[in-house]
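Remarks on the overall topology
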Amino acid sequence: MERVVLVTGASGGVGLALCQRLLEEDGRIHLCIACRNAQKSEATRDLILATYPTAQVSTVEVDLGNLASVLRVARELRCRFQRLDFVYLNAGIMPNPHVNFKALWQGLLTGKVLHMLTTAEGIMTQTDRLNGDGLQDVFATNLFGHFILVRQLEALLCGNEKPSRLIWTSSSNARESAFSLSDYQHAKGQESYSSSKYATDLTSVVLNRKFNNQGLYSSVVCPGLVMSNMTYGILPVFLWKLLMPIMWLIRFFAKTYTLTPYNGAEAHVWLFKQKPECLDVLVKYHSCTSGLGKNYVEPRKMDVDEDTAEKLYEKLLQLEKQTLERYSDLLD
C-alpha cells in the first residue's frame, strides 16, 4: 500500500517545496495537503498536479489557530484514512515582526552580527494577540493546534505495521531564553515565535518518550533562512531587493542561509528516507546550503532540558482538557 503523507502549511514556501520534493522521491505516496482555506488547498493541488499529473493528491482545510477547525479536520482524516505514515507539522505564523536595527548595529560593532543574522537573536520581535479560543495566536498556530491534531490522530499514527513519523518545522530561532514554563504561551514577551519553536523542540522530545513503543517517532528540523511570505513580511520589499546580493555572499559564511524553499526542505526530505529508530531524539536536523549551492543536512544537539519538556507536556495536556470541554460535539 502507498504511504500516506500529510503536510500542513502546504500552500507556499517550504511546505509547497516539500510536497514537490516528496513526489520526486516517491511518486507512489498519497499526499494530503492541509491549507487554511479550500481555495488555497485546491490551487496548491492543481499546481502540484501540473508537474506530477499521476500523483495521488488530496486536500483538507484547517486553520491550526482555531481548535474547532483542528477537531473537524482530525475527524475528516480519521474517516478518510486507516493510517498516516508521515505528518509534517509545518504550518506557522510570525505576525507583526519588527527588526531592532540598533541591536543589529551593536552586533556589528561587537563581532556578533553573523550569529544574530543566522538566529535573529536580539534583533527580532513580534506583537502577538489572543485568538478566538482565548489563546495566544502564535502559540496556538505554531504548537498547540498541531499538538491537538496529533492527539486526535493517535489512532492513525500508533500501532501500525511500520513506524509512523512526526516531523516538526522548528527554527534556529528556537531559544531557551525566550521561553518560560510560567508563561509558556508567551503572553508577556515579544519573542512569541522563538518561544513557540523552543516549545516545539521540547514537545518533540517528550512525544518520543511517550510513543516510541507504539511505533510513533518525532523529529524536528530547521529549514534555515528561507525567503518566503513569512520572511518578506519582516522588511519592505525594496530593502529585500537591496539585501539579496549581500545575503547570497553571506551564505559562504552562514550555511543555514538556504534562501530558497527547495533548499529549505532538504532536512525534511532527508528524514523521509531515514529509519526513525536510528535517529537521535535530542537532535535537530538543519537544512544547509554551501556557498556554491550544495544542499546537505547537519545534525545539531538541541539545547533542551528533558525535565522542562515533561513539565510542558503536562501543561499542554491540562490546557487540552480545559479548552476541549467547549467542543464536546466535535469529539468522538
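First things first, this report covers the structure right here in the doc. (Residues numbered from 1 in each chain as written. Predicted model: local features only at pLDDT ≥ 70, side-chain atom pairs only at ≥ 80, totals over all residues. Heavy atoms only, no water.)

Right, let's talk about the packing of aromatic side chains for a bit. In the structure shown here, the tally under the stated rule is eight aromatic pairs. Ring plane angle 15° and centroid distance 5.6 Å describe the contact between Phe139 and Phe144, whose orientation is recorded as stacked. Relative accessible area serves as the criterion here: at 0%, Phe144 is assigned to the buried category. For the pair Phe179 and Tyr198, a centre-to-centre distance of 5.6 Å together with 45° between the ring planes defines the contact as tilted. Of the two residues, Phe179 sits in the loop between strand 7 (164-169) and helix 8 (192-211) while Tyr198 sits in helix 8, which places them 19 residues apart along the sequence. For Phe179, a relative accessible area of 11% translates into the label buried. (Phe/Tyr/Trp six-rings, centres within 6.5 Å; stacked < 30°, edge-to-face > 60°. Buried < 20%, exposed > 50% of the residue type's maximum accessible area, 1.4 Å probe, protein only. Helix = DSSP H or I, 4+ residues; strand = E, 2+ residues; numbered from the N terminus.)

Turning to the side chain of Lys284, a few remarks are in order. Among the secondary structure elements, Lys284 is positioned in strand 9 (residues 283-289). On the basis of relative accessibility, which here comes to 5%, the residue Lys284 falls in the buried class. Polar contacts involving the side chain of Lys284 include one to the side chain of Asp201, which spans 2.8 Å. Not counting residues within four places of it along the chain, the set of residues in contact with Lys284 comprises Ser170, Ser171, Ala174, Asp201, Val220, Val221, Cys222, Glu298, Pro299, Arg300 and Met302. (Polar contact = N/O pair within 3.5 Å; in protein donor to acceptor, adjacent residues only side chain to side chain. Contact = heavy atoms within 4.5 Å.)

A few words on the pattern of salt bridges. Scanning the model with the defined rule gives 18 salt bridges in all. Salt-bridge contacts for Glu266 lead to Arg21; the nearest nitrogen and oxygen are separated by 2.9 Å. Of the two residues, Glu266 is situated in helix 12 (residues 266-272) and Arg21 in helix 1 (residues 13-25); the sequence distance between them amounts to 245 residues. Just as Glu266 is buried, Arg21 falls in that class too. Taken together, the salt bridges that share partners define one network made up of Arg209, Lys210, Glu306 and Glu310. (Salt bridge = Lys/Arg side-chain N within 4 Å of Asp/Glu carboxyl O.)

The next thing to look at is empty space enclosed by the protein. According to the stated counting rule, one finds one cavity of 30 Å³ or more in the structure shown. By volume, the largest cavity is sized at about 70 Å³. Lining of the largest cavity is provided by Ser204, Asn208, Tyr217, Ser218, Ser219, Val220, Pro276, Leu279, Asp280, Val281, Val283 and Tyr285. Looking at the lining of the largest cavity, the elements with two or more residues in it are helix 8, strand 8 (216-222) and strand 9. A total of four residues in the lining of the largest cavity trace back to one element, the largest contributor, which is strand 8. Across the lining of the largest cavity, the residue classes tally to seven nonpolar, four polar and one charged. (1 Å grid on protein atoms, 1.4 Å probe; cavity = no way out; pocket = protein on both sides within 12 Å on 5 of 7 lines; lining within 4 Å. Points joined across faces, edges and corners; volume = space filled by probe spheres on them. Nonpolar A, V, L, I, M, F, W, Y, C, P; charged D, E, K, R; others polar.)

Glancing now at the sheet that holds strand 9. The mixed open sheet is built from eight strands, whose spatial order is 3-2-1-4-7-8-9-10. Two strands lie at the open edges of the sheet, namely strand 3 (56-61) and strand 10 (295-301), each paired on one side alone. Sheet twist, expressed as the mean angle between neighbouring strand axes with direction ignored, is 20°. Bridging between strand 2 (residues 30-35) and strand 3 involves six bridges; their strand directions are parallel. Across the sheet, Leu31 pairs through a bridge with Val57, a residue of strand 3. Sheet strands touched by helix 1: strand 1 (4-8), strand 2 and strand 4 (86-89). Its angle to strand 1, the strand with the most contacts, is close to 165°. Each of strand 1, strand 4 and strand 7 touches helix 6 (residues 137-152); the most contacted strand, strand 7, lies at about 175° to it. (Pairing = 2+ DSSP bridges. Axes fitted to C-alpha atoms, helices over the stretch in contact; angles between N-to-C directions.)

The next subject is the nonpolar core. Counting residues in each nonpolar core, the largest one holds 56 residues, and the members touching the most others are Leu6, Leu84, Phe144, Leu153 and Leu166. Ranked by residue count, the leading element in this core is helix 6, at eight residues. Residues contacting Leu153, with those up to four places away along its chain left out, are Leu6, Ala74, Leu77, Arg78 and Leu84. One finds Ile33, Tyr52, Val57 and Val269 within the second-largest nonpolar core, a separate group that totals 32 residues. (Core = buried A, V, L, I, M, F, W, Y, C linked by side-chain atoms within 4.5 Å.)

On to helix 8. Residues three or four positions apart in an α-helix share a direction because the helix packs 3.6 residues into each turn. Taking 1.5 Å per residue as the helical rise, helix 8 with its 20 residues ought to reach 28 Å, and the 28 Å between its terminal C-alpha atoms agrees with that figure. Most of helix 8 is tucked away: 18 of the 20 residues are buried. (Expected span 1.5 Å × (residues − 1).)

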